[in-house]
Amino acid sequence: MPIDFLPILVMIAVVAAFAAIALILSGLTGPRRPTRAKLEPYESGMPPFGSAMRRVSIKYFLTAVLFILFDIEIIFFYPWAVLFRQLGLFGLIEMGIFILILLVGYVYIWRKGGFDWD
Amino acid sequence: MTLDPWMIAIIEPLVKSLVVIIALLTLFAYLTLMERIVIAKIQSRIGPNRVGRVGPLALLQPIADAVKMIMKEDFIPAQADKLAYILAPAIAVGTALLAWAVIPLNPPVTIGDYTIHFQIADINVAVLYLLAIGSLSVYGIVLGGWGSNNKYSLLGGLRSTAQMVSYEISLGLSLVGVLMISQTLSLTKIVEQQSGWWFVIFQPVAFIIYFICMLAETNRLPFDLPEAETELVAGYQTEYSSLKFALFYMAEYIHMLTVSAIAATMFLGGYQGPFGILPGVHWLFIKIMFFIFLFMWIRGTLPRFRYDQLMRFGWKFLLPLSLANVFVTAVVLVWLGK
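These numbers were taken from a predicted model, which means no experiment stands behind them.

Taken together, the contact pairs 68 residues of chain A with 89 residues of chain B. Buried surface at the junction of chain A and chain B, both sides included, amounts to about 6,700 Å², of which 75% is carbon and sulfur. Contact with chain B buries surface across chain A, with Met-11, Tyr-78 and Arg-85 of chain A losing the most and accounting together for 11% of the total. Taken together, chain A and chain B are joined by one salt bridge. If you look at where chain A meets chain B, you find nine residue pairs in polar contact (both at pLDDT 80 or more). When residues of the side of chain A that touches chain B are traced back to their parent elements, those giving at least two are helix H1 (6–28), helix H2 (58–82), helix H3 (84–87) and helix H4 (89–112) of chain A. Counting residues per element, the side of chain A that touches chain B draws most heavily on H1 of chain A, at 15 residues. Counted by class, the side of chain A that touches chain B contains 47 nonpolar, eleven polar and ten charged residues.

As structure tokens, then:
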């Protein structure tokens, strides 16, 4: 029922208020003495070299894509798991085929070195 | 005076959320003290002793820490992306707190003709809600890392994101085993079903997988690479100060409490006592503290993983193991004819 989610909306409002108070409070209390060196990015005492917002390693992108692929497949398990006892043997065979297809992709990624970090 | 039902529908969750949030923040404050004392004991150190080492005075330590944090200067680095930099700690702590909306804390109590449910929202897809909120917590860390415009922060944020998404798959799969037994996504019903046997007895492998993923999801040792201080200064927290830093810290500890509460609810019977003894919130608290102590014990004992080991362990070992667990559970359930 959609009405069941109303308490969650209320809690989101409370949490947002708490976070806003904390963020505003930290600006009001405490000293405010900015210097040029203080506002520079910290690089272990060396003068900062270039910007940090630039291209990053492709490995992180690959991990993100793999996550999306597998996570969607995991979501398919949830309705199946909830109805599993009603489906019985039929559900087991269906899911066996699904896991088999999933494993083909998994083995392919493994052989291609998709899980190797180096 | 009778209240409009709509007013009750707003006021009741409002009061409940305030109580839960205040309780969690108090618990967070004392967890920092507990962690410092436990780690000090493990490492044969004295531990925090400026406020007081023994007796009631020692309990003032978190208050001293909080006052110090509030009085610190809160600066925003000149090259930071201001919106992302400011929002990140709020998202981190907000998502950690929001997961508590669906966790049943106590059996319902009836006073007169009014029944109080000790759960903020009893929704029928609570497990999916937990996974969704858990996934959102990555945003706080990745935005903080990117918005700081600091190389250490960026690397910490990226590492954390890659690690959390990798372990989230096994975490999701380990819960499937429980759902196959419970046949519901509602946490209230899952806890009620565990009044006899806890699900950890039927799903020991899933429980261990969940526990490992829980350490990785909270970025705790041995999976604390995002904030590995010897290589990345403080990871995504490097450029934060004052209450913004405190909010990240708060997020980490409340996240620990959250994943422990989920583990207790899904596997250890939530508020149910062993053999049905006196169900109540105290059992949930004891179970959560058991996990919290394990977190600290592991932090004091184990060395840190290397990043390639961490990714290999997640993808090449935990993922197939959790898939196998789901399949074996399915075969056994069909075999038993349930």
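Moving on: a nonpolar patch on the surface. Residues and elements named next belong to chain B. The grouping of Met-7, Ile-10, Ile-11, Leu-14, Val-15, Leu-18, Val-19 and Ile-22 at the surface amounts to a nonpolar patch, some 660 Å² of accessible area in total. Tracing the chain through its elements places Ile-22 in helix H1 (residues 5–42). Classification of Ile-22 as exposed rests on a relative accessible area of 52%.

Moving on to the layout of surface pockets. Residues and elements named next belong to chain B. Reported here for the largest pocket is a volume of approximately 840 Å³. Lining the largest pocket we find 31 residues, and of these Phe-28, Pro-62, Asp-65, Ala-66 and Met-69 sit closest to its centre. Broken down by element, the lining of the largest pocket gets its largest block of residues, nine residues, from H1. Quantified by volume, the second largest pocket comes out at close to 500 Å³. Forming the walls of the second largest pocket are 23 residues, and the residues nearest its centre are Val-19, Val-20, Ala-23, Leu-105 and Val-281. It is H1 that provides the largest number of residues to the lining of the second largest pocket, a total of eight residues. Here the residues of the lining of the second largest pocket sort into 18 nonpolar, three polar and two charged.

Scoring rules and cut-offs
- Residues numbered from 1 in each chain as written.
- Chains lettered and ligands numbered in written order.
- Predicted model: local features only at pLDDT ≥ 70, side-chain atom pairs only at ≥ 80, totals over all residues.
- Heavy atoms only, no water.
- Contact = heavy atoms within 4.5 Å.
- Buried area = accessible area lost by both parts, 1.4 Å probe.
- Salt bridge = Lys/Arg side-chain N within 4 Å of Asp/Glu carboxyl O.
- Polar contact = N/O pair within 3.5 Å; in protein donor to acceptor, adjacent residues only side chain to side chain.
- Helix = DSSP H or I, 4+ residues; strand = E, 2+ residues; numbered from the N terminus.
- Nonpolar A, V, L, I, M, F, W, Y, C, P; charged D, E, K, R; others polar.
- Patch = residues over 30% accessible without salt bridge, like charges linked within 9 Å, V, L, I, M, F, W, Y side chains within 5 Å.
- Areas by Shrake-Rupley, 256 points an atom, 1.4 Å probe, with all protein chains shown as cover.
- Buried < 20%, exposed > 50% of the residue type's maximum accessible area, 1.4 Å probe, protein only.
- 1 Å grid on protein atoms, 1.4 Å probe; cavity = no way out; pocket = protein on both sides within 12 Å on 5 of 7 lines; lining within 4 Å.
- Points joined across faces, edges and corners; volume = space filled by probe spheres on them.

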